[in-house]
Amino acid sequence: MNLHEYQARELLKAAGIPMAEGGVAATPEEAARLAEHIGQTVVVKAQVHAGGRGKAGGVKLAKNPAEARDQASRILGMTIKGLVVQKVLVVPAADIVSECYLGLIMDRESQRPLLMVSPAGGVDIEEVAAKTPEKIHRLAVDPRYGLLPHQALGLALTLYRNFDQVRAAAKIMGQLYQAFMENGGSLAEINPLATTPDGRVVALDAKFVVDDNELDRRADLAALRDESAEAPSEVAARRASLTFIKLDGNVGCVVNGAGLAMATMDLVKYYGGEPANFLDIGGSSNPEKVVNALRIITSDPAVKVILFNIFGGITRTDDVANGIVTATRQFKVDLPIVIRLTGTNEREAVTILQGVGMQALNDMDDAVKRAVALAKEAK
Amino acid sequence: MNLHEYQARELLKAAGIPMAEGGVAATPEEAARLAEHIGQTVVVKAQVHAGGRGKAGGVKLAKNPAEARDQASRILGMTIKGLVVQKVLVVPAADIVSECYLGLIMDRESQRPLLMVSPAGGVDIEEVAAKTPEKIHRLAVDPRYGLLPHQALGLALTLYRNFDQVRAAAKIMGQLYQAFMENGGSLAEINPLATTPDGRVVALDAKFVVDDNELDRRADLAALRDESAEAPSEVAARRASLTFIKLDGNVGCVVNGAGLAMATMDLVKYYGGEPANFLDIGGSSNPEKVVNALRIITSDPAVKVILFNIFGGITRTDDVANGIVTATRQFKVDLPIVIRLTGTNEREAVTILQGVGMQALNDMDDAVKRAVALAKEAK
Amino acid sequence: MSVFVDATTRLVVQGITGRDGSFHTKQMVAYGTNVVAGVTPGKGGQTFEGSVPVFHTVAEAVRATGANSAVIYVPPTLAAGAIAEAADAGLRLIVCITEGIPVLDMTKVMPLVRDRGARLIGPNCPGLITPGVGKVGIIPGSICAPGRVGLVSRSGTLTYEVVNHLTKAGVGQSTCVGIGGDPVIGTNFIDVLAAFQSDPDTDAIVMMGEIGGTDEQKAADYIAKNVTKPVVGFIAGQTAPPGRRMGHAGAIVSGSSGTAAEKIAAFKAAGISVMERPMDVVRLIKERLGK
Amino acid sequence: MSVFVDATTRLVVQGITGRDGSFHTKQMVAYGTNVVAGVTPGKGGQTFEGSVPVFHTVAEAVRATGANSAVIYVPPTLAAGAIAEAADAGLRLIVCITEGIPVLDMTKVMPLVRDRGARLIGPNCPGLITPGVGKVGIIPGSICAPGRVGLVSRSGTLTYEVVNHLTKAGVGQSTCVGIGGDPVIGTNFIDVLAAFQSDPDTDAIVMMGEIGGTDEQKAADYIAKNVTKPVVGFIAGQTAPPGRRMGHAGAIVSGSSGTAAEKIAAFKAAGISVMERPMDVVRLIKERLGK
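Residues numbered from 1 in each chain as written. Chains lettered and ligands numbered in written order. Predicted model: local features only at pLDDT ≥ 70, side-chain atom pairs only at ≥ 80, totals over all residues. Heavy atoms only, no water.

## Comments concerning the sheet that holds strand β1 (residues 23-25) of chain A
Residues and elements named next belong to chain A.
Part 1 of the reasoning: With antiparallel pairing, 4 strands are arranged side by side in an open sheet as β1-β6-β2-β3. Strands with a single pairing partner mark the edges of an open sheet, and in this sheet they are β1 and β3 (59-62). On average, each strand axis in the sheet is tilted by 25 degrees relative to the strand beside it, whichever way the strands run.
Part 2 of the reasoning: In terms of strand pairing, strand β2 (residues 42-46) meets β3 through 4 bridges, oriented antiparallel. Note that in β3 the partner of V44 across the bridge is K60.
Part 3 of the reasoning: With respect to the sheet, helix α2 (residues 28-38) is in contact with β1, β2 and β6 (88-92), its orientation differing from that of β6 by roughly 15 degrees.
Part 4 of the reasoning: Strand contacts of helix α3 (residues 65-75): β2, β3 and β6, with the helix running at about 165 degrees to β3, the strand carrying the most contacts. (Pairing = 2+ DSSP bridges. Helix = DSSP H or I, 4+ residues; strand = E, 2+ residues; numbered from the N terminus. Axes fitted to C-alpha atoms, helices over the stretch in contact; angles between N-to-C directions. Contact = heavy atoms within 4.5 Å.)

Have a look at this one:
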């Protein structure tokens, strides 16, 4: 779960990290008040989970409170990549002497939190990583010992020459690591970690991603979820414990398992069709999930055919069959449904479907070919 | 640093451990109010750092608020082993079905926090340990992984048969471990961990010792120090960063290093004298420490002679010599002083002492024999 | 011989009384796996299905039954603790089926697993099966057949799809291993490839990968250098949209976008025959085995 | 040969610019110890006393000077971090002089020290000296003389007292090691006894203990079983009041009150000659060496 910039700022601030001042506003008046309090040129930034906010006009400079009010009123309510801006962050347009990068990510290879720092921070950090990788210093932190003081100091020495700044940066690294571990981080970034003209080291921008798997046990983190900043279909899918990503095709897919779901989409494409979505109903299925999946898929007007591809293992195919039957009773499904079922409790599933006059195929390629053909007919 | 029982209770309560109700009172009226709130027979317990409180009359039953007021007024102000009782703890005289023991101690051998539990808790736990050691279950916790859930569960299974109680005890062990680690514990004990008639598992009594070395970095823990419950000479010694223990003899000893200090006391005894104290001025000495040491020792009217035994290593003997000279200028020292100095900066030290007409010996046995002889003459 | 599971396996099921644990225990027992014990704290002393004794703890189960392997079906927030318990009890093989374990939990428990010398497979995986010998996990036994092709996969149901094709075409399997798709897993492609390479009962290997990360590229590199047996591979996700980027750090750490195209190119460069469709596995395996 | 410190020792002093660090660095250099570097974060680039380069970190010091051992004189709350830094930098011997380190810090850093394969001596110890070769720590060189008696002690100044008696009596030392009196220490009596037993340059051993704990009893047991060289021992604290009891747990864990009488009895039972006074060391060592 991505946190908004303002949420990430608050979380890192709570960990003791010195942040550039600023705040979040939901109205133009609040934005003006924040600008007045900051007392210098500010940046007004849209708080939506979408890249390219700047290009879309969601990030603007304002020289005084009146301008901040104007910019905020323009940005609030704006739609960026389908998401309506509900809040803006107002921060000083900082006077920066140097920009460093601090990032922590859960690293697959070392199986540890990987701390990456670079003296060449700012927007071009990925280019730095690609072209001058020696400017990025990495440390996989052993969670048994935590980030040790000398490790942070060693990394901070690659960032600054002034030793007060070295100490400040080392301290911030320790705080960032703590915040990451205590809040179930998948990613934590400070970019840039800026040096001000008076020599202070402050975090100018913050990014924090929480591991979705933490949310069940961490109500405090789950409460940070801002559903207004997400696509409604994805919100509905998540509430139904489904993994759903909307695509541009017309073959709606309902599959169990992410790998098989991707392979199904690939096969739709292979046979000349276009998948309308990625949808994984997950492992331990129940009929209710299938009902929700159908509801989400049928709400997409582009979908011309629905393709089930279920290989029962921990998923029981009879649960899926029951879900299909229940759904068609609860709401009208006008689209053709192609069902491929095999594996656990397959016989029971086929019986259930036959009971309502539906058929099930056994072979994945047959089912995909048929769905693609039906989608073409429907055009 | 020993915490008072009521402080230990609050600390464990903050860690989430279910504690039997109760509270601390500084006046008889407060004790009566607590007894009223508890609403059953209570125990009123003196809060002083001394063993044998019960025998000294510092622990009393009270059947109602009026009795609690009477008992509290008797106990408050009472002197137990030289310490005046300033506070009493008022707790319910619990109705107990079973008593278990939970203890955590920093263990020298495993170099880890050692968790010890026993189903045979209560006052006789040491006897249990001596006579039926199989009734005590031990686990040295690896601090890299913490107390793992299955470890706590395994220990809790040795305490209870009812699984709700097993789970409750396992949870309490986890909380006790957390409290120990987060508060710099040297020792944490719950004895008894009691089962109430309605089946709840609650801590009835709590003991917590903080590692003195934590206090410099933990103002919150240092603030728990209750100097009114300590001997004034020990308070003065600690404030001067000296380790001091008063004894019953008449040869006041000022030594650098605990081992040499003990060996000096042993040698005083060997040559027929009686040491008046253990006093270690520590490693990195400075003259001020020596002044304070002399002030503390001379305040004991039993002392007839002062024996310095300083072997300079990290301690510089000239610092000690300067301290002696400074002290004799600041206040009148009527007692004979025998000084043994050798090691680091010995020549400078001897010069300093000779400058004020004092002599220094080079041999420990000579110095001790002379001090013992002077103490005998003074009688 | 077979890989990870064999006739000496004595299995304890952690979470045996739960919905998934009980269902799959029956399946494993029916398949012939030697399930010697179950563990559910609070249900010690019960007997599962009249034959498998249930204990409060893994340590008790090991003492009473000599269990040497574990399979875990406990809820996500308790699963890392279950892994630690199994490792502490000295089990040599631990298969964790549970999906949705917080990654930090895995990060913390992995060093303990290594300290204890245990092999963890998963989490978030279907487990493994040595057809005709035994299965640990949830791979349906009915779709497998004994044979000489080893299979390793990051996914669950896609594995079944491919195994199903093989079995229907008369191509049996030595062992099928689902390693799981989580960021932190106990056993990776290379571990299993090495086991297959040295297993005298395996003649060829099927490797099923996915988009994301660089594990497949590393495995391809390993194969090029160390694996002499023929390998057939698949990458799922050619049509998947690019994953949500994980900040700058995600790009910096992988130095790769982990696309299917990159991975397929790495496979081809390593001499791996690449399937376009799951069903292609049969044709390619037969080609590579010269049948 | 000698124990722990020899001609190949290349020492880095952590906390070299502090009051104690600078004083004792001069002493060590004057004694001939090969002090190749100092470390004080924030003072990297300076030179100590015109000859020893100072670095911000131990890793830098090792890269620049090939240091292989460290001695630590940093404040208590930073000392465990300094130990971790030295161990991480690959140093084989780490001597920590600092007194007053929180015990929890030591508990946490010890597994790291072991993981890295380093030998830690201390903390809260005077360090060690191999007379005529070098010294690491604060034992005054002037009171030592080269010879063939090994000394191990829990205390600091009491060690000096005894060494001083030996030297004045013409009995030189192979190595003197102060292991420190803290609850958690890196090297215990038995480690040093084993080193002396296998050191061809050591003919006899002096062991200085104190009241409290059971380390001396365990060491006596070890000596009875494994040490063939003569051992002379001392226990300080015969007249000390019983220590403050550490709850019930203290009594349970030690099963012993750790009195001087118990320890002396254990020494005698193990064939150790026990001194009544520090000065007795000379007579007893000479007796045991048959001089």
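## Some words on the domain arrangement of chain A
Part 1 of the reasoning: Per the domain assignment, the segments making up chain A are domain 1 (21-92), domain 2 (98-222) and domain 3 (231-377).
Part 2 of the reasoning: Computed from C-alpha coordinates alone, the two centres of domain 1 of chain A and domain 2 of chain A are separated by 26 Å. (Domains from an automatic or database assignment.)

## Let's talk about the sheet that holds strand β5 (residues 69-72) of chain D
Residues and elements named next belong to chain D.
Part 1 of the reasoning: Spatially, 7 strands are ordered β3-β4-β2-β1-β5-β6-β7 in an open sheet, and the strand pairing comes out mixed. The open sheet has two free edges, formed respectively by β3 (47-48) and β7 (119-121), since each of these has just one partner strand.
Part 2 of the reasoning: Alignment of strand β6 (residues 93-96) against β7, held across 3 bridges, turns out to be parallel. Bridge pairing in β7 links V95 to I121.
Part 3 of the reasoning: Across the sheet, helix α3 (residues 76-88) lies against β1 (11-14), β5, β6 and β7, angled at about 170 degrees from β6, the strand it touches most.

## Side note on the packing of aromatic side chains
Part 1 of the reasoning: What the rule picks out here adds up to 4 aromatic pairs over all chains.
Part 2 of the reasoning: Measuring from ring centre to ring centre gives 5.1 Å for A:Y270 and A:Y271, while their planes differ by 90 degrees; the resulting arrangement is edge-to-face.
Part 3 of the reasoning: Its relative accessible area of 36% is what places A:Y270 among the partly exposed residues.
Part 4 of the reasoning: Residues B:F311 and D:Y160 carry aromatic rings whose centres are separated by 5.7 Å and whose planes lie at 65 degrees to one another, so their mutual orientation is edge-to-face. Within this pair, whereas B:F311 is found in strand β16 (residues 305-312), its partner D:Y160 is found in helix α5 (residues 157-168), the two belonging to separate chains. D:Y160 matches B:F311 in its accessibility class, with the two residues each being buried.
Part 5 of the reasoning: When the ring centre of C:F23 is taken as origin, the NZ or CZ atom of A:R316, which lies over that ring, is 4.2 Å away. (Phe/Tyr/Trp six-rings, centres within 6.5 Å; stacked < 30°, edge-to-face > 60°. Buried < 20%, exposed > 50% of the residue type's maximum accessible area, 1.4 Å probe, protein only. Lys NZ or Arg CZ within 6 Å of the ring centre and 35° of its normal.)

## Structural notes on the domain arrangement of chain C
All names here are of chain C.
Part 1 of the reasoning: Each assigned domain of chain C is listed here: domain 1 (11-121) and domain 2 (139-289).
Part 2 of the reasoning: For domain 1 and domain 2, the distance between their C-alpha centroids amounts to 27 Å.
Part 3 of the reasoning: Listed per partner, the contact involves 9 residues of domain 1 and 10 residues of domain 2.
Part 4 of the reasoning: The contact between domain 1 and domain 2 buries some 780 Å² in all, and 61% of this surface belongs to carbon and sulfur atoms.
Part 5 of the reasoning: At the junction of domain 1 with domain 2, the criterion picks out 1 salt bridge.
Part 6 of the reasoning: Counting every contact that joins domain 1 to domain 2 gives 2 residue pairs in polar contact (both at pLDDT 80 or more). (Buried area = accessible area lost by both parts, 1.4 Å probe. Salt bridge = Lys/Arg side-chain N within 4 Å of Asp/Glu carboxyl O. Polar contact = N/O pair within 3.5 Å; in protein donor to acceptor, adjacent residues only side chain to side chain.)

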